[in-house]
Amino acid sequence: MYHDKLIEEVSKYVGFQEKGDNRGPEVEMFQRFVDGKASGEPWCCCMMQYGVGQVERREKIRTRLFKTEHVMTMWNKTPVELRVAQPRPGCIAVWNYVGTSNGHCGLITKVYPDRIETIEGNTSDSKKVEREGDGVFKKERLLNPKGKMKIVGFIDPFANLMKG
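Residues numbered from 1 in each chain as written. Predicted model: local features only at pLDDT ≥ 70, side-chain atom pairs only at ≥ 80, totals over all residues. Heavy atoms only, no water.

A closer look at the pairing of strand E6 (residues 149-155)
Residues in a regular strand project their side chains so that they alternate between the two faces of the sheet.
Step number 1: For E6, the tally of buried residues reaches five of seven residues, placing the bulk of the element in the interior.
Step number 2: With six bridges joining them, strand E2 (residues 92-97) and E6 adopt antiparallel strand pairing. Following the sheet pairing, Trp95 is matched in E6 by Ile151. (Buried < 20%, exposed > 50% of the residue type's maximum accessible area, 1.4 Å probe, protein only. Helix = DSSP H or I, 4+ residues; strand = E, 2+ residues; numbered from the N terminus. Pairing = 2+ DSSP bridges.)

Some points on the sheet that holds E6
Step number 1: The strand order across the open sheet built from six strands is E1-E6-E2-E3-E4-E5, with neighbouring strands paired in antiparallel fashion. In the strand order of this sheet, the two ends are held by strand E1 (83-84) and strand E5 (135-142), each with one partner.
Step number 2: Bridge analysis of E1 against E6 gives two bridges, and the strand direction is antiparallel. Looking across to E6, one finds that Arg83 is bridged to Ile155.
Step number 3: Set on the sheet, helix H1 (residues 2-11) makes contact with strand E3 (103-111) and strand E4 (115-123); between it and E3 the angle comes to about 115 degrees. (Contact = heavy atoms within 4.5 Å. Axes fitted to C-alpha atoms, helices over the stretch in contact; angles between N-to-C directions.)

Description of the side chain of Glu120
Step number 1: Along the chain, Glu120 turns up in strand E4.
Step number 2: Classification of Glu120 as buried rests on a relative accessible area of 0%.
Step number 3: Engagement of the side chain of Glu120 in a polar contact is seen with the side chain of His104, the distance being 2.7 Å.
Step number 4: Setting aside residues up to four positions removed in sequence, Glu120 forms contacts with Met47, Trp95, His104, Cys105, Gly106, Gly135, Val136, Phe137, Lys139 and Arg141. (Polar contact = N/O pair within 3.5 Å; in protein donor to acceptor, adjacent residues only side chain to side chain.)

Details of H1
Step number 1: All of the buried residues along H1 are Tyr2, His3, Leu6, Ile7, Glu9 and Val10. Buried residues of H1, viewed axially, fall in a sector of 165 degrees; they line one side. Those residues of H1 that are exposed and aimed more than 90 degrees away from the buried face are Asp4 and Glu8.
Step number 2: Of the surrounding elements, those touching the buried residues of H1 are helix H3 (44-59), E3 and E4. (Arc of directions from axis to C-beta.)

Digging into the packing of aromatic side chains
Step number 1: In the structure shown here, the tally under the stated rule is seven aromatic pairs.
Step number 2: With a centroid separation of 5.1 Å and an interplanar angle of 85 degrees, the aromatic rings of Tyr13 and Phe30 are classed as edge-to-face. Taken as a pair, Tyr13 in the loop between H1 and helix H2 (25-35) and Phe30 in helix H2 lie far apart in primary sequence, 17 residues in all.
Step number 3: Relative to Tyr50, the ring of Tyr13 lies with its centre 6.1 Å away and its plane at 85 degrees, an arrangement referred to as edge-to-face. Of this pair, Tyr13 sits in the loop between H1 and H2 while Tyr50 sits in helix H3; the two residues are 37 residues apart in sequence, bridging distant segments of the chain. Summarising the burial analysis for this pair, Tyr13 and Tyr50 share the class buried.
Step number 4: Taken together, Tyr13, Phe16, Phe30, Phe33, Trp43 and Tyr50 form an aromatic cluster joined through their ring pairs.
Step number 5: Lying across the ring of Tyr112, Arg115 places its NZ or CZ 4.1 Å from the centre.
Step number 6: Above the face of the Trp95 ring, Arg141 is positioned so that its terminal group lies 5.7 Å from the ring centre. (Phe/Tyr/Trp six-rings, centres within 6.5 Å; stacked < 30°, edge-to-face > 60°. Lys NZ or Arg CZ within 6 Å of the ring centre and 35° of its normal.)

Structure below.
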């Protein structure tokens, strides 16, 4: 139930694009949601946080997703009980740029044996896993991609609220 509501919320923004580098009304709304500031920071994580926050507000629930703008901080500080081994719709996919503390994330909307479909902010319409793009796009991602961006795992922000 909450997963579907999160997908519905994040889907509203597909097609939105920046107005300048990491700027624009929607981008700045996502950024401000996390810490009250819009300072031109990367915003893929801010968009996920915003979507979860809207579901929390409407449903009068509270998740334990760690609130931050930084993808790898979200991964490292969110309780491990919210990590799931297999991707599921409504979960957040987390990528790490190997050898760095930089990451990228997106909301899973569909799962196939070798890939996932996602909605991602601060990416482009290319096939690459990009952590600095210009908008919100639907993407198709391999579960074992080649290159330096590797999936580290999946977060189910609602795992502590329901089973299944």
